[in-house]
Amino acid sequence: MVMGDSFNSALFKQTFQRVFSKDPKGEFKMAFNATLEVKCSRELKISGAIGPCITGGKKDGSISEVEIGIGNTTSWKFCALNPSSTVATFFEVTNQHGAPIPQGGRGCIQFITSYQHASGQRRVRVTTVARNWADPATALPHIAASFDQEAAAVLMARMAAWRADSTDEGADVLRWVDRMLIRLCQKFGEFVKDSSESFRLPENFSLYPQFMFHFRRSQFLQVFNNSPDETSFYRGCLNREDLTNCLIMVQPILYSYSLQLPAEPVLLDTSSIQPDRILLMDTFFQILIFHGETIAQWRAAGYQNQPEYANLKQLLEMPVADAQDALLSRFPVPRYIDTEQGGSQARFLLCKVNPSQTHNN
């Protein structure tokens, strides 16, 4: 799926060519007519899946009554797969017939993926995982230690986008995201009553709230000024791409370049916008290079073309070279934006950064 202004645009043509890219063996990087079947141990039930799939209509006793995404089945069908395709599967822990879950035992999940490779071969891949059971009442630290905040953020983003698409209004989805974050903080946070400064989250939870903050402000939930087609495109990519790409969509990456310091990642915040710096922002859908006010004035004056300002020329070339890595490898090809302080396209940066500094402060 590609979003462009016209079929003649360079963005569409480059993305379409990349569909037919090949691996080192000379084979297309695609697979067709895929099915995913999930099997699990008796303590688990399958709630559903969210991804670029439809129901396979296969039913058995391991289906949960709690439906998340495409549920009421244990298999799903895919028209096509590529190397970055992912699907989120959701499970419910159940006590069958009132029997307690055996502590010290393991819960098992098996994923059986079959597809037709571009070479014509029919291939089957089986992945089996096992995880120890832990009682939340007595082993909460063990559960906290196994928390993956990046995966959790992407799973919550997919669930929220699915709700916004299928059942709930935008404001209801935002309230649901807030409630789930509050419940997580109540469960795993440490604090002294009536002292907001004392609140602490474990280290492997520390980034999760900011992921949710930026997700609330993203185009996945804030659909104003986006057409229904654009919203469907953005949510479709969120449901399809791998963890790293989805995290970039939720919280874009921002790098800073200056004459004094090497390139470094900086906070996605207005405080990172400085007159003597160049910023490179990767939102997955866009690659943006932003020149601070002073740098933009130097560039407009042509200082980089003078031999005595070779360091300025090198500074201007560094973010462009780094941007090429994503432009040459990503699918679909992102939109490339070159702008400066006060430029009309600086709005793409300003709508993403946390507005800690405004014209009022």
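Quick summary incoming for the structure in this document. (Residues numbered from 1 in each chain as written. Predicted model: local features only at pLDDT ≥ 70, side-chain atom pairs only at ≥ 80, totals over all residues. Heavy atoms only, no water.)

## A word on the overall build of the chain
Okay, so step 1: Per the secondary structure count, the chain includes 10 helices and 14 strands.
Okay, so step 2: Reported as C-alpha extents along the three principal axes, the dimensions of the chain are approximately 80 × 65 × 35 Å.
Okay, so step 3: Buried positions account for 39% of the 361 residues belonging to the chain.
Okay, so step 4: Here the contacts in the chain between residues at least 6 apart in sequence split such that 62% fall between residues at least 24 apart.
Okay, so step 5: For the chain, the distance from the average position of its 35 positive side-chain charges to the average position of its 36 negative side-chain charges is 7 Å. (Helix = DSSP H or I, 4+ residues; strand = E, 2+ residues; numbered from the N terminus. Buried < 20%, exposed > 50% of the residue type's maximum accessible area, 1.4 Å probe, protein only. Contact = heavy atoms within 4.5 Å. Lys, Arg positive; Asp, Glu negative; His and termini not counted. Charge placed at Lys NZ, Arg CZ, Asp CG, Glu CD.)

## A short note on the side chain of aspartate 269
Okay, so step 1: Positionally, aspartate 269 belongs in the loop between strand E11 (264–265) and strand E12 (278–282).
Okay, so step 2: One buried charged residue, aspartate 269, forms no salt bridge at all, with the nearest opposite charge on arginine 217 at 8.7 Å.
Okay, so step 3: A polar contact is formed between the side chain of aspartate 269 and the backbone nitrogen of serine 271, at a distance of 2.8 Å.
Okay, so step 4: Aspartate 269 has contacts with Val353, Asn354 and Ser356, leaving out every residue within four places of it along the chain. (Salt bridge = Lys/Arg side-chain N within 4 Å of Asp/Glu carboxyl O. Polar contact = N/O pair within 3.5 Å; in protein donor to acceptor, adjacent residues only side chain to side chain.)

## Some details on the pattern of salt bridges
Okay, so step 1: Applying the stated criterion across every chain, the model contains nine salt bridges.
Okay, so step 2: The salt bridge involving lysine 39 is made with glutamate 37; its shortest N-O contact spans 3.1 Å.
Okay, so step 3: The partly exposed category is assigned to lysine 39, whose relative accessible area is 38%.
Okay, so step 4: When the shortest N-O distance is used, the salt bridge between arginine 299 and aspartate 338 registers 3.3 Å. Of this pair, arginine 299 sits in helix H8 (residues 293–301) while aspartate 338 sits in strand E14 (residues 335–340), and the two are 39 residues apart along the sequence.
Okay, so step 5: Overlapping salt bridges, with partners in common, bring together Glu37, Lys39 and Lys58 in one network.

## Brief notes about unusual backbone geometry
Okay, so step 1: Following phenylalanine 331, the chain continues to proline 332 via a peptide bond in cis, the omega torsion being -5°.
Okay, so step 2: Among the structural elements, proline 332 can be located in the loop between helix H9 (310–329) and E14.
Okay, so step 3: The phi torsion at asparagine 33 lies on the positive side, around 50°, for a residue other than glycine.
Okay, so step 4: Counting through the fold element by element, asparagine 33 comes out in strand E1 (residues 31–40).
Okay, so step 5: Positioned with a positive phi, aspartate 194 is a non-glycine residue whose angle comes to about 65°.
Okay, so step 6: Tracing the chain through its elements places aspartate 194 in the loop between strand E8 (190–192) and strand E9 (195–200).

## Examining the packing of helix H4 (residues 170–188) against helix H5 (residues 208–216)
Okay, so step 1: The contact between H4 and H5 brings their axes to 11 Å, and the two run at 175°. By the angle class used here, H4 and H5 are roughly antiparallel. On H5, the residues touching Leu174, Val177, Asp178, Leu181 and Leu184 of H4 are Tyr208, Pro209, Met212, Phe215 and Arg216.
Okay, so step 2: The residue makeup of the contact of H4 with H5, split by class, is eight nonpolar, no polar and two charged. (Axes fitted to C-alpha atoms, helices over the stretch in contact; angles between N-to-C directions. Parallel < 35°, antiparallel > 145°, perpendicular 65-115°, else oblique. Nonpolar A, V, L, I, M, F, W, Y, C, P; charged D, E, K, R; others polar.)

## Notes on the pairing of strand E7 (residues 122–132)
Okay, so step 1: Where strand E6 (residues 106–117) and E7 come together, 11 bridges link them in antiparallel fashion. Looking across to E7, one finds that serine 114 is bridged to valine 124.
Okay, so step 2: The hairpin formed by E6 and E7 contains four residues between the paired strands, and glycine 120 there has a positive phi angle of roughly 105°. (Pairing = 2+ DSSP bridges.)

## Some words on a nonpolar patch on the surface
Okay, so step 1: Taken together, the side chains of Phe16, Phe20 and Phe28 define a hydrophobic patch exposed on the protein surface, amounting to about 290 Å² of accessible area.
Okay, so step 2: Secondary-structure assignment places phenylalanine 20 in the loop between helix H1 (10–19) and E1. (Patch = residues over 30% accessible without salt bridge, like charges linked within 9 Å, V, L, I, M, F, W, Y side chains within 5 Å. Areas by Shrake-Rupley, 256 points an atom, 1.4 Å probe, with all protein chains shown as cover.)

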